[in-house]
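Chain residues, written in single-letter form:
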Amino acid sequence: MTLPIALQTYTVRDLLEDDFEGVMRRVAGIGYAGVETTFTIPGTTLANAAATLRDLGLEVVSAHVPLPLGDDKNAVLDYVATFGLDHIVAMKGPEDFESSDTIRRVCDLFNEAQAVCAANGLELSYHNHWWEFLDIEGRNAFDIFLECLSPAVNIELDTYWVQAAGIDPESIVRQLGDRAPLLHIKDGPAKRDVPQLAVGDGVLDWAGIIGAADEAQWLIIELDHCATDMLTAVEKSFDYLVAKGLGHGSKA
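Residues numbered from 1 in each chain as written. Predicted model: local features only at pLDDT ≥ 70, side-chain atom pairs only at ≥ 80, totals over all residues. Heavy atoms only, no water.

## Digging into the pattern of salt bridges
Thinking step 1. For the structure shown, the criterion picks out nine salt bridges.
Thinking step 2. For Arg174, the salt bridge goes to Glu170, with nearest N and O atoms at 3.1 Å. Residue Arg174 and its partner Glu170 are located together in helix α7 (residues 169–176), separated by four residues, close to a single helical turn.
Thinking step 3. Salt bridges linked by common partners bring Asp158, Lys186, Glu222 and Asp224 together as one network. (Salt bridge = Lys/Arg side-chain N within 4 Å of Asp/Glu carboxyl O. Helix = DSSP H or I, 4+ residues; strand = E, 2+ residues; numbered from the N terminus.)

As structure tokens, this is what we get:
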């Protein structure tokens, strides 16, 4: 059984500004089963975005939002209600992974946010980049992170950035098991500050990575920047995963 494929709307952020409905209609037409949204959606209101995605049959799998703490709490919970979400995702920057002390502070925040999520029927995941996998004080930062993070907080594993940090993403997928229900899928040379490519055109071993994801729930394609036309890459990425028997869309 293959995994359903979604698109992170950040991928097409520039295009959404001018034609949200048209771009989402194209995404649905390609065959995507769902989307993962961002906290600010270009080119439309949140209510209209939710209605459009519902009408197009695109499931909103999750959303990248601030942690539901302090001044952001009510805004995040309102967002969750608008889209009918049961899963949210957040991240922190490289300055938060410079020492074991800063990593522990990140974990304290996510553990606090997890309690809020649990009280509101939500799952919470942390989305990585490369800096979570660098060596800190003689250890891999990700190991420190997992030690301090509540086991109730999941990981939205961005497999590309794991490889860009010099770590085998397949090994991390296996290590996390059901703690990584959402996998971010992007391809390219696996180097920082270099444009990415359509899935299948880069160096990542997708058969191995996705083959190890026995307990994942979604494959979410996200291209931060692309060396080719973005919508072409969005379609090519989807077609590659389906053709290789690694994922499926809405018509499966």
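## Describing the environment of Thr9
Thinking step 1. Considering the arrangement of structural elements, one finds Thr9 in the loop between β1 (3–8) and α1 (13–30).
Thinking step 2. In this structure, the C-alpha to C-alpha distance between Thr9 and Ala180, residues 171 residues apart in sequence, is 20 Å.

## Concerning unusual backbone geometry
Thinking step 1. Despite not being glycine, Glu137 shows a phi value in the positive range, around 55°.
Thinking step 2. Residue classification places Glu137 among the exposed positions, given a relative accessible area of 57%.
Thinking step 3. Despite not being glycine, Ala190 shows a phi value in the positive range, around 60°.
Thinking step 4. Here Ala190 shows up in the loop between β9 (182–185) and α8 (206–211). (Buried < 20%, exposed > 50% of the residue type's maximum accessible area, 1.4 Å probe, protein only.)

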